[in-house]
Amino acid sequence: MLKDKNTFKKAFQERFKILYGTPVDEGTNLEKYKALASLVSNQISEHWYQTNKHYKHTKQVKEVYYFSIEFLLGRLLSNNLLNLGIYDIVEEGLSELGINLQDLAEQEADAGLGSGGLGRLAADFLDSMASLNLPGHGCGIRYRYGLFEQKLKQGEQVECADDWLKNGFVWEYRRPDKAVEVRFGGKVRANCVEGRTVFIHEEYETALAIPYDVPIVGYKNGLVNTLRLWSAEAPETEFDYASFQRGDYLKAVERKYSAESLSQILYPDDSFYEGRKLRLKQQYFFVSAGLQSIVRRYKKRHATLHNFPEKVALHINDTHPALVIPELMRILLDEEGMGWDEAWEITTHTVSYTNHTIMPEALEKWPIDLFKQILPRIFMIIEEINERYCQELWQKNLGMEKIRKMAIVGDGYVRMAPLAIVGSYSVNGVAKIHSEILKGQVMRDYCEVSPLKFNNKTNGITHRRWLLTANPQLGELITKTIGTNWYKNPSDLTNLLYFKDDSFFQEKFTQIKLQNKIKVADFIKERYGWEIDSNSIFDIHIKRIHAYKRQLLNALHIMYLYNRLLENPDLEITPRTFIFAGKAAPGYYLAKKTIKLINTLAEVINNDKTIQEKIKVVFLENYNVSLAELLIPSADVSEQISTASKEASGTGNMKFMMNGAVTIGTLDGANVEILERVGLENFILFGLTAEEVLNYYKYGGYYSHSLYNSKSVVKKILDQLINGFLGVPKDEFMVIYEHLLTYNDEFFVLKDLGAYIKAQERIEELYKDKVKWLKMCITNVAYSGFFSSDRTINEYSAGIWDLKPAVIKKH
């Protein structure tokens, strides 16, 4: 165990010598990182062993398995050091060896296991489960390549392979002895055996699922849970030796590559048939592998599956893992020989479901023909679930039209959200307003039938990572001011309210923010060549590029501000730096054109000397967790400007708040609850309400052309998109122009533009009063403790999973 820096230094030098056969001072930073990670892994392994031993031998332990298509872990070295309680020991020891810990941490690639908020939430939840001593594990896919590496060429997004595994992943452990088979295609034959129908799956294709386990370290409590990631391989028999010998080399390895494609990339393009097919196979692959593993493990510890829900909870993070429900039914029916009623009783008392969206395109559904071809037995089970559910609805006298709308199978599709609702005992939204929209509109019919299923669990973030690791200077200031109790009890951050008027605390807070801004300015200068004023307002908008997230609204405001400066270069405004980052889905043309627009604005504005560098625009490529950890501590303004009703919750808003940024936002997602806590005087509110938006969708009455014709500001900006003003071909941004006018501005960008401009002007005025602005920032930090994922997970544990904390003896 690494108990002091001298013990660490000796162990580190010895480990390096064993791995590379040379002294430490002759090694590269990558080699030093790997040696350090290997040493840390050894310390984790002892805790991991003791945790698994406790779970295995303590009969009353109930464990939750969190199924998610994404786990956006970010870099793990610093987080593991922090949670083990050895960060300072390692940092000091390395320093005495002439090594900077941060330099080594930056050698680690961001794990390509997710793309955005869904995956980062899952990672934060795992961290909180472990830190709260809760027996909780993750189940996902070990993608060979991440979503994609985003590069910018002439201002346009270009997708490249995210080869995150090229230097290995030091935290994972391959477990080939725990491999399981997953079956696709084929035929299902029914036999009558001893008076009961037995279903036999034949002529199927097989993929071998190999688990890779990643330890999830709790905060200073000796507990280590497991994230199990499944990698697809072909069974050894899949190599066609005869074809290879005949010279047909591609045919010889065809099945091998077909199997391995299941875990090659996250979110294959589903705009064509083969992409949709692969997505469905991916979802079943990790669900089936995970459940087979869980049931196998359970049977080793318990004599019967009849009390399965008492010892196991299965949670599905959005609809991607919804096939947990029919797959558990298949295992109980076909492999365990249970009857339908008992199997359904067990399933519906084991599975719980979190919904993350009301966007129609994100509520997954699969063509019946495709589904039947790939998963014939699973389709049979879903058909039976649907038939029984529709009969139940019929007995409640709901009428054929409503039953048709609520059916799991209908209109040529298998619908994942209804399946998840019907097969779960709990359905939760992720912010108060989101949950109310689910209950009152999107899932109203299901809520009326099963009202007790539906509940809210507002999202959270792991405050230890997003303050102590991402912003260590601020974390240290907070600790010196209010003590260490907030590490485990983040609600104690409210004690900072006693210091918001303290001039010493304000001065230190200001210095830390400036240091973080200088770091970002240096990064931008080195990477992109732009000179950024670290004393300017850092206005940051970082998230997935999507029309409803309204990066376009931000861009139109920048055009408005630029026009004002062109009219009056001597206009007195506080210098402003607008920073964007985020990826657009490869097939999402409008989002990719929005990226192009932002980069075009950057080229025009940043090179225009007449405006005296009063505004700058920067788009940073390849947004990931590490880039977020750099940017968020530097932010003055947090852009949370989605169309009200569209963002389920958001977690970026919480991270910015926790790091002392002031939110400009709509009444959407968790913004509502942030506003409730900090008060209107500490939040820049604008825009339509969710009710107003939903009424426009339902009853009409909004015409973007009317705004174009009546508002000269709107007309000027939109005309500039297509009249050559931006120095690009006139049709370059025609798709944006038409989206806003021809297709009537689906997400109310123009409707909210006037209010957004006024909100930005309010920021300008507030920022000039430095003391008032500082109080706003400190107030946001003070109230951010509520948005810790520790609070969220405690609510899941008590209200959904019924878990009890495990006490692991420290060794």
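A brief report on the enclosed structure follows. (Residues numbered from 1 in each chain as written. Predicted model: local features only at pLDDT ≥ 70, side-chain atom pairs only at ≥ 80, totals over all residues. Heavy atoms only, no water.)

## Here's the deal with the packing of helix α22 (residues 551-567) against helix α23 (residues 589-606)
- Orientation of α22 relative to α23, taken along the N-to-C sense of each, is 20 degrees, at an axis distance of 10 Å. Judged by the inter-axis angle, α22 sits roughly parallel to α23. Two packed elements cross with a definite hand, and for α22 against α23 that hand is left-handed. Within the contact between the two elements, α22 uses Gln551, Leu552, Ala555, Ile558, Met559 and Tyr562 and α23 uses Thr594, Leu597, Ile598, Leu601, Val604 and Ile605.
- Of the residues that constitute the contact of α22 with α23, the class distribution is ten nonpolar, two polar and no charged. (Axes fitted to C-alpha atoms, helices over the stretch in contact; angles between N-to-C directions. Helix = DSSP H or I, 4+ residues; strand = E, 2+ residues; numbered from the N terminus. Parallel < 35°, antiparallel > 145°, perpendicular 65-115°, else oblique. Left-handed = near helix turned anticlockwise from the far one by under 90°. Contact = heavy atoms within 4.5 Å. Nonpolar A, V, L, I, M, F, W, Y, C, P; charged D, E, K, R; others polar.)

## Notes on the nonpolar core
- Counting residues in each nonpolar core, the largest one holds 272 residues, and the members touching the most others are Leu36, Phe67, Trp171, Leu314, Leu323, Phe371 and Trp801.
- The leading source of residues in this core is helix α9 (residues 273-301), at eleven residues.
- Beyond its immediate stretch of four places on either side in the chain, Phe371 contacts Leu280, Leu323, Trp366, Pro376, Ile378, Phe379, Ile382, Val414 and Met416. (Core = buried A, V, L, I, M, F, W, Y, C linked by side-chain atoms within 4.5 Å. Buried < 20%, exposed > 50% of the residue type's maximum accessible area, 1.4 Å probe, protein only.)

## Quick word on the environment of Thr651
- In this structure, Thr651 sits in the loop between β21 (637-640) and α25 (652-658).
- On the accessibility criterion, Thr651 (7% relative accessible area) is buried.
- Expressed as a C-alpha distance, the spacing of Thr651 and Ala670, which sit 19 residues apart in the sequence, is 7.8 Å.
- If we ignore the near neighbours within four places in the chain, the residues touching Thr651 are Leu121, Asn459, Gly460 and Ile461.

## What to know about the side chain of Arg15
- Tracing the sequence through the fold places Arg15 in helix α1 (residues 5-20).
- An unpaired buried charge is present at Arg15: no salt bridge exists, and Glu14, the closest side chain of opposite charge, is 8.2 Å distant. (Lys, Arg positive; Asp, Glu negative; His and termini not counted. Salt bridge = Lys/Arg side-chain N within 4 Å of Asp/Glu carboxyl O.)

## Here we look at the packing of aromatic side chains
- One pass over the structure, following the stated rule, counts 25 aromatic pairs.
- With 5.6 Å between their ring centres and 20 degrees between their planes, Phe8 and Phe12 make a pair best called stacked. Placement of both Phe8 and Phe12 in helix α1 is noted, with a separation of four residues, approximately one turn of the helix. Side by side, Phe8 and Phe12 carry an identical accessibility label, which is buried.
- Ring centres 6.2 Å apart and planes at 50 degrees place the aromatic pair Tyr562 and Phe725 in the tilted group. (Phe/Tyr/Trp six-rings, centres within 6.5 Å; stacked < 30°, edge-to-face > 60°.)

## Here we look at the sheet that holds strand β18 (residues 537-542)
- One open sheet holds the six strands; their spatial order is β20-β19-β18-β21-β22-β23, and the pairing between them is parallel. A single partner strand is all that each edge strand has here, and the edge strands are β20 (615-620) and β23 (684-685). (Pairing = 2+ DSSP bridges.)

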